[in-house]
Every structure is written in structure tokens, then in C-alpha cells.
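# Fold and geometry: a report
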Amino acid sequence: MPSKKALVRRPGPRLAEGLVTHIEREKVDVDRAVEQWEAYVEALRAHDWETIEVEPADDCPDSVFVEDTVVMYRNVALITRPGAESRRKETPGVEEAVASLGCSVNWIWEPGTLDGGDVLKIADTIYVGRGGRTNTAGVQQVRAAFEPLGARVVAVPVSKVLHLKSAVTALPDGTVLGHIPSVDRPSLFPGFLSVPEQSGAHVVLLGGGKLLMADSAPKTAELLTDLGHEVVAVDIGEFEKLEGCVTCLSVRLRELYA
Ligand SMILES: NC(=O)NCCC[C@H](N)C(=O)O
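Residues numbered from 1 in each chain as written. Predicted model: local features only at pLDDT ≥ 70, side-chain atom pairs only at ≥ 80, totals over all residues. Heavy atoms only, no water.

## Observations concerning the environment of Leu 193
What counts is decided by this rule: Labels follow the DSSP assignment, with helices taken as runs of H or I lasting at least four residues and strands as runs of E lasting at least two, numbered in each case from the N terminus. Contacts are assigned to residue pairs that have any heavy atoms within 4.5 Å of one another.
With respect to the helices and strands, the residue Leu 193 is situated in strand S11 (residues 192-194). Through-space distance from the C-alpha of Leu 193 to that of Gly 178 is 6.4 Å; in sequence the pair is 15 residues apart. What Leu 193 contacts, discounting residues up to four positions off in sequence, is Thr 175, Val 176, Leu 177, Gly 178, Leu 224 and Leu 227.

## Let's talk about the sheet that holds strand S1 (residues 2-8)
Two strands in a sheet stick together by hydrogen bonds in their backbones, pointing the same way (parallel) or opposite ways (antiparallel). Put simply, the rule reads: Strand pairing is assigned whenever DSSP detects at least two bridges linking the two strands. Between the N-to-C directions of two axes lies an angle of 0 to 180 degrees, each axis being a line fitted to C-alpha atoms and, for a helix, fitted only over the stretch in contact.
In spatial order, the strands read S2-S1-S15; together these 3 strands make up an open sheet with mixed pairing. Each edge of the open sheet carries a strand with a single partner, namely strand S2 (50-53) and strand S15 (251-255). In this sheet, neighbouring strand axes are inclined to one another by 30° on average, regardless of whether the strands run parallel or antiparallel. Summarising the sheet, S1 and S2 pair through 4 bridges and their orientation is parallel. Note that in S2 the partner of Leu 7 across the bridge is Ile 52.

## Thoughts on the packing of aromatic side chains
Keep this limit in mind: Any two of the Phe, Tyr and Trp rings considered here, Trp counted by its six-membered ring, make a pair once their centres fall within 6.5 Å; the pair's planes then place it as stacked at under 30 degrees, edge-to-face at over 60, or tilted in between.
Considering all chains together, one arrives at 5 aromatic pairs under this definition. Here the aromatic rings of Phe 65 and Phe 239 are separated by 6.2 Å at their centres, their planes lie at 90°, and the arrangement is edge-to-face. Of this pair, Phe 65 sits in the loop between S2 and strand S3 (70-73) while Phe 239 sits in helix H6 (residues 237-240); the two residues are 174 residues apart in sequence, bridging distant segments of the chain. Feature note: the residues Tyr 127, Phe 189 and Phe 192 constitute an aromatic cluster, connected by ring pairs.

## A word on helix H2 (residues 91-100)
The condition that has to hold: Throughout this description, buried means an accessible area under 20% of the type-specific maximum (1.4 Å probe, protein chains only), exposed means over 50%, and partly exposed covers the range between. The reported arc concerns the directions from the helix axis to the C-beta atoms and nothing else.
Taken together, the buried positions of H2 are occupied by Thr 91, Gly 93, Val 94, Ala 97 and Val 98. One side of H2 carries all its buried residues, which in axial view fall inside an arc of 160°. For H2, the exposed residues set more than 90 degrees away from the buried face come down to Glu 96 and Ser 100. Buried residues along H2 sit in contact with S1, S3, strand S4 (76-79) and strand S5 (104-107). Positive backbone phi, at 90°, marks Gly 102, one or two positions downstream of H2.

## Side note on the site of the ligand
Convention followed: By convention in this text, a residue qualifies as near a molecule or strand provided that one of its non-hydrogen atoms is within 4 Å of it. We call two N or O atoms a polar contact when they sit within 3.5 Å, provided that within protein one can donate a hydrogen and the other can accept it, with sequence-adjacent residues counted only if both atoms are side-chain atoms. Per-residue and other accessible areas were derived by the Shrake-Rupley procedure at a 1.4 Å probe size, with only the shown protein chains allowed to occlude residues. The distinction between a cavity and a pocket rests on a 1 Å grid over the protein atoms alone: a 1.4 Å probe fits inside a cavity but cannot get out, while a pocket stays open yet meets protein on both sides within 12 Å along at least five of seven lines, and a residue with an atom within 4 Å of a point counts as lining. If over half the atoms of a molecule are within 2 Å of the grid points of a cavity or pocket, the molecule is regarded as sitting in it. Classes in brief: Ala, Val, Leu, Ile, Met, Phe, Trp, Tyr, Cys and Pro nonpolar; Asp, Glu, Lys and Arg charged; the others, Gly included, polar.
Around the ligand sit 15 residues, and of these Leu 19, Asp 62, Glu 67, Asp 68 and Arg 133 come closest. Contact distances for the ligand include 2.8 Å between a nitrogen atom and a backbone N or O atom of Leu 19. Contact distances for the ligand include 3.4 Å between a nitrogen atom and a side-chain N or O atom of His 163. For the ligand, whose free accessible area comes to 350 Å², the fraction covered by protein is 99%. Given that more than half its atoms are within 2 Å of the pocket grid, the ligand belongs to the largest cavity. In terms of residue class, the shell around the ligand is made up of 6 nonpolar, 3 polar and 6 charged.

See below:
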């Protein structure tokens with residue numbers, strides 16, 4: 001049944017120690033990050049999403065980036081095995097949360113690695129970024145988990161940014177948005193719209209044609225507004241210092257049977 005629930009996870013006290021791979025480290029203000037996270041959660045709620053807080057994982061600096069720990073397809077929650085070892089302790093709390101919501105649970109197993117940030121779903125096509133965090137075995141395990149359910153899994157190389165969804169996300173009509181310098185192969189996507197800012201490539205579909213975006217991409221917001229979309233902008237600056245973006249702070253559960 002259609003549902004509008006979203007998993008979120010409160011940032012922990014060690015957030016400032018989060019991983020940084022492709023950008024220079026900048027000091028993170030944890031109090032400010034908490035305020036930004038609360039405003040992000042409020043934006044979801046204001047658009048009728050019921051937010052479900054996963055038990056905090058205060059030992060894990062990157063636990064707020066909950067998207068990386070689970071991939072949903074229909075009612076199946078695929079618990080990931082994050083590519084960064086320091087993030088592997090994040091998954092048990094997420095597994096508990098999705099199981100208690102009635103999801104069917106499946107897992108990525110060693111030697112596979114997968115970060116949810118590498119998975120972009122557009123209708124029944126699931127693009128999986130093979131890159132720094134997701135390995136070949138991880139891609140194959142996504143295929144084995146979801147193709148029998150009717151998905152088509154398309155693997156794409158990711159070498160310029162942390163995750164596939166650091167480079168591209170998609171509009172409600174399936175058009176892929178990307179900032180060209182971050183995308184390995186734009187031609188792999190059927191409809192591609194180039195945007196002027198890297199964070200402009202990141203949209204969360206709120207429903208009703210509304211797009212949640214970071215306020216760090218005003219030119220892209222203008223472009224998308226001009227194309228008839230409604231943009232809801234939030235400040236996630238402290239998370240951007242850790243290579244986070246709007247997508248990684250939640251996991252939307254749109255087909256639950258419970
Ligand atoms: N899906 C995402 O965009 N996740 C961001 C993860 C950022 C975190 N600092 C990491 O490097 O794992």
C-alpha cells in the first residue's frame with residue numbers, strides 16, 4: 001500500500017569526525033548541524049511525511065546519513081554493507097527499524113559492499129554506482145535481490161564523487177539531473193538535464209511535484225522553478241562539509257504492507 005513514512009537518524013555528538021573523501025575537511029558546528037537536521041525533518045513533516053527516528057548510533061560519526069544503510073524496493077529493505085568500515089556499525093539499528101515497520105529484510109553480504117547513496121531508482125530501473133564505496137559484488141547482490149521482483153538493475157561507473165547520487169538524482173518525470181563535471185557517463189541516462197551547481201543535482205521528491213533541495217544551489221532552483229517545479233529549499237551546510245546532501249538524510253518508504 002502507498003505510504004509516506006521516512007526514516008531519519010539524529011546526528012550524534014561525533015558528527016564532526018565524519019568521513020571526508022573528495023573535498024577539503026572544514027570544521028563542522030555540531031549544534032548548528034542539529035538545528036539544520038531538525039529543520040530538514042520539519043520540511044518532510046510539513047509535506048505529510050511521517051518521520052520515524054532510527055535509534056541514534058552515537059559512536060558512529062556518519063550515522064545521520066541514514067540513506068547509506070538501507071535500500072528500499074517495494075516492501076523489501078536491503079540492508080547494506082557500507083564501503084567504509086567505520087560505517088558498518090550503523091546498520092543494526094536500521095535493520096530493527098525497517099523490520100518493525102513490516103518490511104521484508106535482505107542483506108548485502110561480504111565480499112559485497114554497497115552504500116545506499118549509490119542507488120538511484122527511477123520507476124523500476126535501479127541504477128547502481130560502482131565506485132569508491134560500492135564494489136562489483138555489491139552490484140551483483142542488488143541485482144540478485146531486486147531483479148526477481150521486477151526491477152532492471154543498471155550499473156554505472158562513479159569515479160569523480162563519493163556516490164552516484166552525489167552526481168545525479170531524478171525529477172518526478174524521470175529526467176536525470178546532473179552537474180556535468182561530477183558525472184562519469186551522462187549518456188547512460190535516457191533523459192539528462194545538466195544543472196549549474198553540484199548540489200543542484202540533488203533532489204528529494206516530496207510528492208505533489210515538490211522538490212526538496214539544498215539552498216546552496218540557487219541557480220538550479222531557479223532553473224527548475226522555471227520548468228514548473230516547486231522547490232522547497234533547506235540549509236544543510238554543515239552536512240555538505242561532510243559530503244552529505246539532501247537525499248542522504250532520509251530514506252522514504254513508499255510501499256509498505258503493514
Ligand atoms: N548518501 C550520501 O550522500 N551520503 C553521504 C555520506 C557522507 C559521509 N561523510 C561518508 O563519507 O560516508
